[in-house]
Amino acid sequence: MSTTREPLATLQLYAADEAVTQHLAELLSPIVCGKDALQRPENFKAGGHIHLEGDLGAGKTSFTRAFLRKAGVTERIKSPSYALIESYNLSSLNAYHLDFYRFSDSREWLDAGFRDILQENAVVLIEWPEKAGKLLPLADLTIKLDYCEPGRQIQLAAYSKKGKEWLTTLKPLLREFPLQD
Ligand SMILES: Nc1ncnc2c1ncn2[C@@H]1O[C@H](COP(=O)(O)OP(=O)(O)OP(=O)(O)O)[C@@H](O)[C@H]1O
Ligand SMILES: [Mg+2]
């Protein structure tokens, strides 16, 4: 994983309502989960880490629910706000949805044993990653949702080669989205 703080690639778009945010998640999900039937280099494994940033109610859980549903989760997708983590078994890999909002100390995620999950080859989506401080490794992709009434401004920033590849694959699928440079 890259250690640079400068993103390798970015995409910005406007989601006028929740359905647009969910549609974005549904387009990204098969790319991340390796279900998009594209040829990839042999060492390009399905799975990866996505950080979701944005104020309370910005749409992080909404995005993640649509992402996981598209990935094949049929059970109820609960917000991990209280349990901190929800786990799902997809056909070929595990998915973890974490929420660090309630952490008051940036080391709490380590004490909670989440480092093992980060080392697994899985799909990991983390809400409020900033609460884990600098100890949390950079994600492949950080998605930031900002209030921009009536909708949300969404910025996707890739911090690894894998994340950059995801964005390259995603971009042509975003024809109906208002993309911004
Ligand atoms: N463009 C949009 N994208 C996503 N959600 C939107 C949008 N416009 C309005 N909403 C509304 O914003 C709310 C998003 O709630 P959600 O629980 O996903 O936020 P969150 O970022 O996970 O908050 P928290 O930090 O509390 O976990 C929902 O009520 C949704 O209907
Ligand atoms: Mg949430």
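To start, this report covers the structure provided alongside it. (Residues numbered from 1 in each chain as written. Chains lettered and ligands numbered in written order. Predicted model: local features only at pLDDT ≥ 70, side-chain atom pairs only at ≥ 80, totals over all residues.)

Things to note about the overall build of the chain
The secondary structure content of the chain amounts to 5 helices and 8 strands. The globule rule puts the C-alpha radius of gyration for 181 residues at 16 Å, and the 15 Å found for the chain is close to it. Its C-alpha atoms give the chain principal-axis dimensions of roughly 45 × 40 × 35 Å. The 181 residues of the chain split such that 35% are buried. Taking the intrachain contacts of the chain between residues at least 6 apart in sequence as the baseline, contacts between residues at least 24 apart amount to 70%. (Helix = DSSP H or I, 4+ residues; strand = E, 2+ residues; numbered from the N terminus. Rg over C-alpha atoms; globule rule 2.2 N^0.38 Å. Buried ≥ 20, exposed ≤ 12 C-beta atoms within 10 Å, placed from the backbone. Contact = placed C-beta atoms within 7 Å.)

So, the site of ligand 1
Around ligand 1, 18 residues are found, and the nearest of them are Thr-21, Gly-59, Lys-60, Thr-61 and Ser-62. Counting residues per element, the ones that place at least two in the shell around ligand 1 are helix H1 (18-32), helix H2 (60-70) and strand E7 (151-158). Classifying every residue of the shell around ligand 1 gives 5 nonpolar, 8 polar and 5 charged. (Near = placed C-beta within 6 Å. Nonpolar A, V, L, I, M, F, W, Y, C, P; charged D, E, K, R; others polar.)

Don't take any of this as a statement about function, it's just geometry.
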